[in-house]
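Structural features, examined
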Amino acid sequence: MRESTVHALVVARTLLEQAAPLCSSEDRYLASSGLVVLQDSLETVLYALLLEKGVDDDKNLDRKSFDELIGELRASGVAVPRSGTLKALNKQRVLVKHHAQLAEPAMVRSYYDAADDAIGSMTNDVLGQSLRDLFIADL
């Protein structure tokens, strides 16, 4: 595994661990905050897996939108489960972060479950292990 992939995935895992209690909160402010952190974790995973696949050798990933990162993963042969839900999660994050609209806690929990499932599937597909199985020792 590339060192840059491991570093990015450790950050993503840390973000995901921070998002979990926020996303399970019944408080709209905490859940909305959790959604923002969750999307950051998810986007970092997408980026890390593209690095591991070497897509950054041919393409500038820094300028890719969230939807384009999903498309690049698909183009590289990685299945992205629940991609429609993940794209909706990203749109909801835009509303929370850039337009100060609160997300409903039940919806945030649903987004968390979808993101967690997708992250597990994609990391297993590319790395042969889940994000939760990644340890600092992998460095």
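Residues numbered from 1 in each chain as written. Predicted model: local features only at pLDDT ≥ 70, side-chain atom pairs only at ≥ 80, totals over all residues. Heavy atoms only, no water.

It is the contact of helix 3 (residues 66-75) with helix 4 (residues 83-99), at a shortest axis distance of 10 Å, that shows an interaxial angle of 160°. As the angle between them shows, helix 3 and helix 4 are arranged roughly antiparallel. Like other packed secondary-structure pairs, helix 3 and helix 4 cross with a definite hand, here right-handed. Between helix 3 and helix 4, the contacting residues are Phe66, Asp67, Ile70 and Arg74 on the first element and Ser83, Leu86, Lys87, Asn90 and Lys91 on the second. (Axes fitted to C-alpha atoms, helices over the stretch in contact; angles between N-to-C directions. Helix = DSSP H or I, 4+ residues; strand = E, 2+ residues; numbered from the N terminus. Parallel < 35°, antiparallel > 145°, perpendicular 65-115°, else oblique. Left-handed = near helix turned anticlockwise from the far one by under 90°. Contact = heavy atoms within 4.5 Å.)

Direction vectors running N to C along helix 2 (residues 28-52) and helix 4 enclose 130°, while the axes themselves pass 9 Å from each other. With respect to helix 4, the element helix 2 is oriented oblique. Note on packing geometry: the crossing formed by helix 2 with helix 4 is left-handed. The residues of helix 4 that touch helix 2, namely those facing Ser32, Leu35, Val36, Leu38, Gln39 and Leu42, are Leu86, Leu89, Asn90, Gln92, Arg93, Val96 and Lys97. Residue classes in the contact of helix 2 with helix 4 are distributed as 7 nonpolar, 4 polar and 2 charged. (Nonpolar A, V, L, I, M, F, W, Y, C, P; charged D, E, K, R; others polar.)

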